[in-house]
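# Residue-level structural notes
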Amino acid sequence: MAPFAPDAPTKTPSPPTLYSFPDADDLSKSLAAFVIKAQNEAIERRNKFTLATSGGSLPKMLAKDLINRTDGAVRWDKWEIFFADERLVPLDHEDSNYYLCDKEFFSKVPELKREQIHTIDTSLLDDPEELSDAYEKELVGAFAGKESVRNPVFDLILLGMGPDGHCCSLFPSHPLLEEKDRWVAPIEDSPKPPSKRITITYPVLNHAHRIAFVMAGEGKQESLAKALDQPELKLPASRVKPAPPGDVYWFADDAATKQTKYPRAEFPKL
Ligand SMILES: O=C(O)[C@H](O)[C@@H](O)[C@H](O)[C@H](O)COP(=O)(O)O
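First things first, this report covers the structure right here in the doc. Note that this is a predicted model, so its numbers are computed, not measured. Residue indices follow the written sequence of each chain, beginning from 1 at its first position. Predicted model: local features are reported for residues with pLDDT of at least 70 only, side-chain atom pairs are reported and counted for 80 or more only, and whole-chain, interface and lining totals are derived from all residues.

## Observations concerning helix α6 (residues 221–229)
So the rule is basically this: Exposed residues have 12 or fewer other C-beta atoms within 10 Å of their own C-beta, buried residues have 20 or more, and partly exposed residues fall in between, where C-beta atoms are placed from the backbone. Helical segments are the DSSP runs of H or I of at least four residues, strand segments are the runs of E of at least two, and each set is numbered from the N terminus. Throughout, a pair of residues is in contact if the C-beta atoms placed from their backbones lie within 7 Å.
All of the buried residues in α6 are Ser 223, Leu 224, Lys 226, Ala 227 and Leu 228. Buried residues along α6 sit against β1 (17–21), β8 (210–215) and β9 (247–253).

Written as C-alpha cells, this is what we have:
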C-alpha cells in the first residue's frame, strides 16, 4: 500500500488535446519533439526526467526518432524509466514489456544504464501481490524525495490503447478502475493475455504532469472515436484525466483518427 493517501483532484481537468499526423513517421517525429520538451522542463524542475511507458506498438514508435540522434537533445543520463504496466513473466520472455522495450529501444541507446530502468522483481513472480507492492516501493523510492509527495507525479506517461479502450492493464468493468489507494496493483484475470500483470492505477495516472496516448493505423479508429467522442462510456482510456496542471494528449495518425469527430489541434513548433 502506498505510504501516502491519494489526493482528490480539486480542479476540473483540461480536455484532451488530439494531434493527428499524416502517417506514423510524422507522428514519431512530433512525439520525439514532445518527449524532448517534457524532458527539458522536467530537468529544469528537478534535474531528472521520470517516464512511464506501456508495451504494445508504442516502444517502436517512441524509439524511432529518439535513438540515433546526433543533436545531443536527449539527456539520457537524466531519464528514469518505469513501466505503466508489466506482464508477470521473466524479463527475457517475449511477453515481457521490458523485453519488448529493450529490443525496440533501450538496447539501441548505449548511454542508458540498466539502473535507470525500473523493472519488476522477477524473484516474486509467484506472488503477484508482493511483486506489485515491491514495484510500488520502487516508485516511492523515486518520488518520495525532498518534496513530500502524496502521489507520484510522473513527468510523462506514455500509453497505448487496446480495441476495448483499455490502457495500462486497466480493463473495462474491472474493479481496478475504482482503485483509489494503491499506486501499483496486481491483476490476475487480464482479458488480454497473459492474465497475470501489474499496472499503475488512476491515482498515478491522474496526477501526472503529462500523459500521451500514442497509436496508429485504422485498427484504432473505432476505439479512438469512442474514447474521445463518447466519454459517457467511461472507457478506461477516457478516465485518464490528470488533475491540473496535468494534461492529456493523443498522438495518432490520420488512419486512426478517421472516425472521431473530436477537434484536432495543430501540433506546435517545438
Ligand atoms: O502490456 C500491454 O498489454 C500494454 O501495455 C497495453 O496496455 C497496450 O498498450 C495496449 O493494449 C495497446 O497495444 P497496441 O499498441 O499493441 O495496440
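There is more to say after this.
## Topic: the sheet that holds strand β6 (residues 184–187)
Applicable threshold: At least two bridges found by DSSP between two strands are what make those strands a pair. Every axis corresponds to a line fitted to the C-alpha atoms, with the helix fit spanning only the stretch in contact, and the corresponding angles, defined between N-to-C directions, vary from 0 to 180 degrees.
Pairing within the open sheet is antiparallel, and its three strands lie in the order β4-β7-β6. This sheet does not close on itself; its edge strands, each paired only once, are β4 (85–87) and β6. Pairwise comparison of adjacent strand axes, ignoring direction, gives a mean angle of 15° for this sheet.

## Looking at the sheet that holds β8
If you walk across this open sheet you meet the six strands as β1-β9-β8-β5-β2-β3, and the pairing is parallel. What marks the edges here is a single partner per strand, and that holds for β1 and β3 (79–83). The mean inter-strand angle of the sheet, taken between neighbouring strand axes irrespective of direction, is 20°. Two elements, strand β5 (residues 156–159) and β8, share three bridges in a ladder whose sense is parallel. Counted as the bridge partner of Ile 157 is Ile 211 from β8.

## So, unusual backbone geometry
That bond from Pro 193 to Pro 194 is cis: its omega, -5°, falls within 30 degrees of zero. You can see Pro 194 is positioned in the loop between β6 and β7 (197–200). A cis amide bond links Pro 244 with the next residue in sequence, Pro 245, at an omega value of 10°. Within the element layout of this structure, Pro 245 appears in the loop between α6 and β9. Phi is positive for Asn 68, which is not a glycine, with a value near 60°. When you line up the elements, Asn 68 lands in the loop between α2 (58–64) and β3.

## Some points on helix α4 (residues 128–143)
As a reminder, the rule being used: Expected span, for any helix, means 1.5 Å times one less than how many residues it has.
With 16 residues, α4 should cover 22 Å at 1.5 Å per step; its first-to-last C-alpha distance of 23 Å lies within 8% of that length. Here α4 has its buried residues at Leu 131, Ser 132, Asp 133, Tyr 135, Glu 136, Leu 139 and Phe 143.

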